[in-house]
Amino acid sequence: MALRGTNQEFGRPYNRRIVLETIRVHGPVTRADIARKVGLTIQTVSTIIRELEEQGFILARREEPRGRGSPASTFAIDPAGGFAIGLHVTPRGIEAALINLAGEVIGRDDRALPGVDADTAFTEIRTLVDGLSALQPDGRMLGVGMAMPGPFGVESMSFVGPTTLQGWKDVPVRDRLAAATGLPAFIEVDLAAAAHGERLYGLGSDFRDFYYLYFGVGLGGSMVHDGVALRGAWGNAGEIGHIPLVPGGDLCPCGNHGCLERYLSLEAYERRAKMIGEAAWLDEVAPILRSAVVTIENLFDPATIILGGLVPNNLLAKLIEAAEPLPNSIASRGNRRAKRLMSSAAGHDAVLRGAAALAVSGVLSPRFGIMFTQSEDRADRDPIMRDAGKARAA
């Protein structure tokens, strides 16, 4: 996926992020290669690289001479250039992880808290964040990202049923997270956070367009286009679990019958497999998964569908095997480079890395600066702008 520089009003922070993202994806990489990939001059790239080195986001390395002349320096992300904490709050408890700028998990912790209420959750979150931050006492903390079940702001679905955080309605989640941790706070539904993490650190980095099918306690999905998860008008795109795919099927807490997540989800697996056994459950849900795959493909035309989330990897593999052969769809073509349905290798880290990546994206994502329309607000809240100002002042 090619990223290009811009001369528009947001050009300076946008260009820094493009350079950073290019170094992250392609590093170690030379100035000339960066300039060619992003469409900026070598002089502009050199200026940006100098600032990024001063800020501690990247590392320079000079190869040993092998002939005449000096070899060009190459640049790579400094994993210790920044840290973020990812949180995942579910109906079963809280998981937390500290990750570095390269997306590596430095430490993790969790609390088993079935049906956790908001007050208890934020008390525990403060303890978790303090403990994980202590693992890097001198590290630059970029922020904290929290993933939680959606959708948000939908009367019949939000905080209703066993796959949601019942009792959390009207909780000012972002404000309370910021107050509890003292860090820049980011909130996202778990399905989109996991898709974001997959795009940055997983199989999704190989594709410009892919669909992430998220098996959490419930079921969700996110179409990632040009590196960005499509979120919809109200930020709730992806609630595929509430598509009534089985006519006359089981009653869902949302009020409809036959919703997909009543059959395909961690909650459904534990409920049904306990009654009929895993093999029988796989036979039962295989045709439903096939229909879901074809629906996704015909709607979004992704390069592939990546299956991931909280379900163990061995169960994901069994689901994919059970779904074969897949029915025809617009994805049925002979020149495919990737399988239609793939299993993510991220495992339980998918959501945690994705949640932390919400804060990391404040540095790495070229689109982050567009979120802010006033330069003063951008400078205050945008890590790369704030640290660049400190570097120039020094």
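What you are looking at is a predicted structure, and each value in this text was computed from that prediction instead of being measured.

Rules and cut-offs
In this numbering scheme, every chain counts its residues from 1 along its sequence in written order. Only residues with pLDDT of at least 70 get local features here, since the model is predicted, and only at 80 or more are side-chain atom pairs given and counted; chain-wide, interface and lining totals rely on the full set of residues. Water and hydrogen atoms were dropped before computing side-chain values, which therefore reflect all heavy atoms in the structure. Comment: elements are numbered from the N terminus, with helices defined as DSSP H or I runs of at least four residues and strands as E runs of at least two. Think of it in three bands: residues with accessible area under 20% of the maximum for their type are buried, residues over 50% are exposed, and the middle band is partly exposed, with areas taken using a 1.4 Å probe on protein chains only. His is not counted, nor are the chain ends; Lys and Arg add positive charge and Asp and Glu add negative charge. Definition used for salt bridges: Asp or Glu carboxyl oxygen within 4 Å of a side-chain nitrogen of Lys or Arg. Any two residues having at least one pair of non-hydrogen atoms within 4.5 Å are treated as being in contact. Scored between 0 and 100, pLDDT is the confidence that the predictor attaches to each residue. N or O atoms closer than or at 3.5 Å make up a polar contact, with two conditions inside protein: a donor-capable atom paired with an acceptor-capable one, and, for residues adjacent in sequence, both atoms drawn from side chains. Note: two strands are recorded as paired if DSSP finds a minimum of 2 bridges between them. Only the stretch in contact is used when a helix axis is fitted, and all axes are lines through C-alpha atoms; the angle between N-to-C directions ranges over 0 to 180 degrees. In this analysis the probe radius is 1.4 Å and the grid spacing 1 Å, with only protein atoms considered; a cavity is a set of points the probe fits into but cannot get out of, a pocket is an open set with protein on both sides within 12 Å along at least five of seven lines, and lining residues have an atom within 4 Å of a point. Grid points are joined across faces, edges and corners, and a volume is the space filled by probe spheres set on the points. Each residue is assigned to one of three groups, with Ala, Val, Leu, Ile, Met, Phe, Trp, Tyr, Cys and Pro labelled nonpolar, Asp, Glu, Lys and Arg labelled charged, and all others, Gly among them, labelled polar. We call a set of buried residues a nonpolar core when its members are Ala, Val, Leu, Ile, Met, Phe, Trp, Tyr or Cys and they connect through side-chain atoms within 4.5 Å of each other.

## Some details on the side chain of E261
In this structure, E261 sits in the loop between β11 (228–229) and α7 (266–276). Buried E261, no salt bridge; nearest opposite-charge side chain is R262, N-O distance 6.6 Å. Not counting the four nearest positions on each side in its chain, E261 is found in contact with T163, G218, L219, G241, H242 and A268.

## Some thoughts on the confidence of the model for the chain
Low pLDDT means the predicted atomic positions in that stretch should not be read closely. Confidence in the prediction of the chain, expressed as mean pLDDT, is 86, and 87% of residues score 70 or more. By mean pLDDT, the top-scoring element of the chain is helix α4 (residues 118–133) (97), and the lowest-scoring one is helix α11 (residues 375–381) (36). Between residues 368–394, whose pLDDT stays under 50, and residues either more than four places distant or in other chains, the model counts 50 contacts.

## Considerations on the side chain of N100
Tracing the chain through its elements places N100 in strand β5 (residues 93–100). Side-chain polar atoms of N100 contact the backbone nitrogen of A102, separated by 2.9 Å. In terms of polar contacts, N100 uses its side chain to reach the side chain of E104, at 2.6 Å. Beyond its immediate sequence surroundings of up to four residues, N100 is in contact with P79, G82, F83 and I106.

## What about the sheet that holds strand β10 (residues 219–225)?
The strand order across the open sheet built from 5 strands is β11-β10-β9-β12-β13, with neighbouring strands paired in mixed fashion. Every other strand in the sheet has two partners, leaving β11 and β13 (341–343) as the edge strands with one partner each. Helix α6 (residues 190–201) rests against β9 (209–215), β10 and β12 (305–309) of the sheet, and its axis sits at about 130° to β9. Where helix α9 (residues 313–323) meets the sheet, its contacts fall on β9, β12 and β13, and the angle it forms with β13 comes to roughly 165°.

## Here we look at the pattern of salt bridges
All told, the structure shown has 16 salt bridges when counted by the stated rule. For R16, the salt bridge goes to E51, with nearest N and O atoms at 2.3 Å. Of this pair, R16 sits in helix α1 (residues 11–26) while E51 sits in helix α3 (residues 42–55), placing them 35 residues apart in sequence. The burial state of R16 is the same as that of E51; both residues are buried. For R92, the salt bridge goes to E270, with nearest N and O atoms at 2.7 Å.

## Quick notes on empty space enclosed by the protein
In the structure shown here, the tally under the stated rule is 2 cavities of 30 Å³ or more. Counted as a void, the largest cavity has a volume near 240 Å³. Looking at the lining of the largest cavity residue by residue, the classes come out as 14 nonpolar, 11 polar and 5 charged.

## Focus on unusual backbone geometry
The residue after G150, namely P151, is reached through a cis peptide bond having omega -5°. Within the secondary structure layout, P151 lies in the loop between β7 (141–148) and α5 (173–181). Across the junction of E324 and P325, the peptide omega takes the value -5°, indicating a cis bond. Within the fold, P325 resides in the loop between α9 and β13.

## What about the nonpolar core?
One finds L213, L264 and L319 to be the most contacted residues of the largest nonpolar core, which totals 51 residues. Filtering out sequence-adjacent residues up to four positions away, L213 remains in contact with L219, G220, G221, I240, L289, I296, I305, I306, L307 and G308. Residues I34, V38, I49 and I77 belong to the second largest nonpolar core, which totals 30 residues.

## Looking at the environment of L266
Positionally, L266 belongs in helix α7. Spatially, the C-alpha atom of L266 lies 7.5 Å from that of L310, the residues being 44 residues apart in sequence. Not counting residues up to four positions away in its chain, the partners in contact with L266 are R92, G216, V217, L310 and V311.

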